[in-house]
Amino acid sequence: MGSGLRAALDRGLLQIEEDLLRMREMIDRALSKSLKSLVDRDTALAHEVIDEDKSINNLRYKIEEACLALIATQQPTASDLRMIMAIMSVVADLERMGDYAAGISKTVLRMGDEPLLKPLIDIPKMVDLARTMLRGSIQALLDHDVPRAREIASRDDEMDHLYQAIFDELVEIMARKPESVHRATYLLWCAHNLERIGDRVTNIAERVVFVSTGDFKDLNIKEEGIGGLN
Amino acid sequence: MQRMKETKAELKIKVKDLNFYYGPIKALNEISIDIQTCEITALIGPSGCGKSTFLRCLNRMNDTIPGVLVEGEILLDGEDIYRNGMDLALLRQRVGMVFQKPNPFPKSIFDNVAYGPRILGAGNKHEIEELVEESLKNVALWDEVKDSLNKDAFELSLGEQQRLCLARVLAVYPEVILMDEPCSALDPIATLKIEVLMQDLKKNYTIVIVTHNMQQAARVSDRTGLFWLGELVEFGQTDQIFTRPREERTEDYVTGRLG
Ligand SMILES: Nc1ncnc2c1ncn2[C@@H]1O[C@H](COP(=O)(O)OP(=O)(O)OP(=O)(O)O)[C@@H](O)[C@H]1O
Ligand SMILES: [Mg+2]
């Protein structure tokens, strides 16, 4: 690494990786703030999350442009090329995660003054899990850590179970109390946004495998060793 | 995992366990490689690793160097080119070569291309004229020179001279064209013209090119082989070599970590 021949390429890659970390931090913060805006019914904070989503989008384009420039000027090959291609796809996933966080805050704005249907129990758990998965997947990408990526991807099952539990509970409430449909739907939207984040993390984990091995593997298809679910 | 479709392969040259010695120095070590018909095979690797030596084995150009020894087999369409009684003139007509520096003869453009056919006793004046025109058209030089065929070849630009040398090879109807860094003396536009030409020629010819320009190998070739200290480290489909090399030395070489 860092040999004179590749100085420009290494510099460019390093800058891109730093921006990627910055993007991860922004989304992590957006997720925690969107939950807080929901818990506290804080519309000012919800507006903030929605506003800041624009910076996340801009950072995505900045990273994509930097990747393009590196490809055009440095002609990366092999693992360098795979890393750059992976990052271009990962920033698209990250950007969508930002949209999901903003989606939760938009729901908060729509709820207006209506009180929460029920105390929040599983949604904060989903946010916690989403943030853990987000941080872990990007770390695995930067470390080229395939076992870590597989482990992170396997946690998508937990996310799915949490979502299923919330879904069942809310549907049951709606059936019992039709007048609650509105308020139940708000919570369902929030949970749905979080469930989607799990899928995006799985995409990122697949890219980690690709960077290290050159193989495109679908980690959603359960493989040996993943969560013991064969 | 192999995703790219394998090009339909038909063997043109089979090299088996080739060793090559310059006196006591072993320059090639156990090279085995299959070169497919109507494909472009690129050979890359650091300076002095034996690429040119290998290329020259394919039409026995090394035979002229005193003290060399060749072991192993090179089969052209199944025939061992190192067998006793092999017709070397015919071999070099079938397996032509273009060199690093354009090397036209100090003759007219016309005579450069007509030289080979005349030596081989091909046809009358009219037939030779036709052959010259066809060869110059094949290298996309005809339109530029058709009104000045008697001009001295050295009046052409370097890129044009290189295409003339290629026309000279084509005029004797080769089957295989060996190219040893054919673009290293050329500017980028002249280089791209040769590359476009190669894509055209590979429909009818088998091409083996040695190049120091990895991007050129990536752009033009179907398969790429990496030579290293006289050995063939890895040989595979070009997209695989440049996106998912199997060998660490290939990875290091194509990413510029070594070399
Ligand atoms: N005529 C010769 N007599 C003795 N040794 C030679 C001769 N030609 C080449 N060699 C040696 O054989 C080895 C391989 O040389 P070769 O020219 O085949 O390498 P190459 O890969 O084509 O290098 P380059 O990229 O610099 O053209 C080198 O160590 C070189 O010094
Ligand atoms: Mg050479």
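Up top is the structure these notes are about.
Residues numbered from 1 in each chain as written. Chains lettered and ligands numbered in written order. Predicted model: local features only at pLDDT ≥ 70, side-chain atom pairs only at ≥ 80, totals over all residues. Heavy atoms only, no water.

1. Considerations on the nonpolar core
All names here are of chain A.
So, point 1. Counting 71 residues, the largest nonpolar core has Leu 20, Ile 87, Leu 94, Ile 123 and Leu 141 as its most contacted members.
So, point 2. Of all the secondary-structure elements, those providing two or more residues to this core are helix H1 (7–39), helix H2 (43–74), helix H3 (78–111), helix H4 (122–143), helix H5 (146–154), helix H6 (156–176) and helix H7 (181–213).
So, point 3. With 15 residues, H7 is the single largest residue contributor to this core.
So, point 4. Ignoring sequence-local partners within four residues, the contact set of Leu 141 consists of Leu 20, Met 83, Ala 86, Ile 87, Val 90, Val 208 and Val 211. (Core = buried A, V, L, I, M, F, W, Y, C linked by side-chain atoms within 4.5 Å. Buried < 20%, exposed > 50% of the residue type's maximum accessible area, 1.4 Å probe, protein only. Helix = DSSP H or I, 4+ residues; strand = E, 2+ residues; numbered from the N terminus. Contact = heavy atoms within 4.5 Å.)

2. Comments concerning the site of ligand 1
Residue and element names in this part refer to chain B.
So, point 1. Inspection of the region around ligand 1 gives 13 residues, with Ser 47, Gly 48, Lys 51, Ser 52 and Thr 53 positioned closest.
So, point 2. Gly 50 places a main-chain nitrogen or oxygen 3.0 Å from an oxygen atom of ligand 1.
So, point 3. In this structure, an oxygen atom belonging to ligand 1 sits 2.4 Å away from a side-chain N or O atom of Thr 53.
So, point 4. For ligand 1, whose accessible area on its own is 630 Å², the fraction buried by protein is 62%.
So, point 5. Of the residues forming the shell around ligand 1, the biggest block, three residues, is contributed by helix H1 (residues 51–57).
So, point 6. The residue inventory of the shell around ligand 1, partitioned by class, reads five nonpolar, six polar and two charged. (Near = heavy atom within 4 Å. Polar contact = N/O pair within 3.5 Å; in protein donor to acceptor, adjacent residues only side chain to side chain. Areas by Shrake-Rupley, 256 points an atom, 1.4 Å probe, with all protein chains shown as cover. Nonpolar A, V, L, I, M, F, W, Y, C, P; charged D, E, K, R; others polar.)

3. Some details on the interface of chain B and chain A
So, point 1. With twelve residues of chain B at the interface, the matching set in chain A holds 14 residues.
So, point 2. Buried surface at the junction of chain B and chain A, both sides included, amounts to about 1,200 Å², of which 49% is carbon and sulfur.
So, point 3. For the pair chain B and chain A, the number of links is one salt bridge.
So, point 4. Counting across the chain B and chain A interface gives six residue pairs in polar contact (both at pLDDT 80 or more).
So, point 5. Of all elements in the fold, only helix H9 (238–243) and helix H10 (248–254) of chain B reach the threshold of two or more residues within the side of chain B that touches chain A. (Buried area = accessible area lost by both parts, 1.4 Å probe. Salt bridge = Lys/Arg side-chain N within 4 Å of Asp/Glu carboxyl O.)

4. Topic: the sheet that holds strand S2 (residues 25–36) of chain B
Residues and elements named next belong to chain B.
So, point 1. Spatially, S2-S1-S4-S5 is the arrangement adopted by the four strands of the open sheet, whose pairing is antiparallel. At either end of the open sheet lies a strand with only one pairing partner, and these are S2 and strand S5 (79–80).
So, point 2. Pairing between strand S1 (residues 11–22) and S2: eight bridges, direction antiparallel. By the bridge assignment, Ile 13 is partnered in S2 with Ile 35. (Pairing = 2+ DSSP bridges.)

5. Some remarks on a negative patch on the surface
So, point 1. A cluster of like negative charges, contributed by Asp17(B), Glu30(B), Glu71(B) and Glu231(B), occupies part of the molecular surface.
So, point 2. Judged by its relative accessible area of 45%, Glu30(B) is partly exposed. (Patch = residues over 30% accessible without salt bridge, like charges linked within 9 Å, V, L, I, M, F, W, Y side chains within 5 Å. Lys, Arg positive; Asp, Glu negative; His and termini not counted. Charge placed at Lys NZ, Arg CZ, Asp CG, Glu CD.)

6. Overview of the packing of H1(A) against H2(A)
All names here are of chain A.
So, point 1. It is the contact of H1 with H2, at a shortest axis distance of 10 Å, that shows an interaxial angle of 165°. For the element pair H1 / H2, the angle class is roughly antiparallel. Handedness of the crossing formed by H1 with H2: left-handed.
So, point 2. By residue class, the composition of the contact of H1 with H2 is 18 nonpolar, six polar and eight charged. (Axes fitted to C-alpha atoms, helices over the stretch in contact; angles between N-to-C directions. Parallel < 35°, antiparallel > 145°, perpendicular 65-115°, else oblique. Left-handed = near helix turned anticlockwise from the far one by under 90°.)

7. Quick look at the pattern of salt bridges
Residues and elements named next belong to chain B.
So, point 1. In total, this model carries 40 salt bridges over all chains according to the counting rule given.
So, point 2. Measuring nitrogen to oxygen at the nearest pair gives 2.9 Å for the salt bridge that ties Arg 94 to Glu 175. With Arg 94 in helix H2 (residues 88–94) and Glu 175 in the loop between helix H6 (158–170) and strand S7 (176–180), the pair connects residues that are 81 residues apart, well separated along the chain.
So, point 3. For the salt bridge of Glu 129 with Lys 125, the shortest nitrogen-to-oxygen distance reads 3.0 Å.

8. Focus on H6(B)
So, point 1. Look at H6(B): 18 Å from first C-alpha to last across 13 residues, which is about the 18 Å you get at 1.5 Å a residue.
So, point 2. When we look at burial in H6(B), the residues that qualify are Gly159(B), Glu160(B), Gln161(B), Gln162(B), Arg163(B), Leu164(B), Cys165(B), Leu166(B), Ala167(B), Arg168(B), Val169(B) and Leu170(B). (Expected span 1.5 Å × (residues − 1).)

9. Section: the packing of H3(A) against H7(A)
All names here are of chain A.
So, point 1. Contact geometry for H3 and H7: axes closest at 9 Å, N-to-C directions at 170°. Looking at the two axes, H3 sits roughly antiparallel to H7.
So, point 2. For the contact of H3 with H7, the per-class residue count stands at 18 nonpolar, six polar and seven charged.

10. Considerations on the sheet that holds S7(B)
Residue and element names in this part refer to chain B.
So, point 1. A sheet is described by the order of its strands in space; here six strands give the open sequence S6-S7-S8-S3-S9-S10, paired in mixed fashion. Since the sheet does not close on itself, it has two edges, and those belong to strand S6 (95–98) and strand S10 (231–237), each with one partner. Shown here is a sheet whose adjacent strand axes are inclined to one another by a mean of 20°, direction ignored.
So, point 2. In the packing of H6 onto the sheet, the strands contacted are S6 and S7, and the crossing angle to S6 comes to about 170°.
So, point 3. Packed onto the sheet, helix H7 (residues 188–201) meets strand S3 (40–44), S7 and strand S8 (206–210) and runs at close to 150° relative to S8.

11. Concerning the environment of Lys177(A)
Residues and elements named next belong to chain A.
So, point 1. Mapped onto the fold, Lys 177 is located in the loop between H6 and H7.
So, point 2. Looking at Lys 177, the relative accessible area reads 35%, which means it is partly exposed.
So, point 3. In sequence terms Lys 177 and Gly 98 are 79 residues apart; their C-alpha atoms lie 33 Å from each other.

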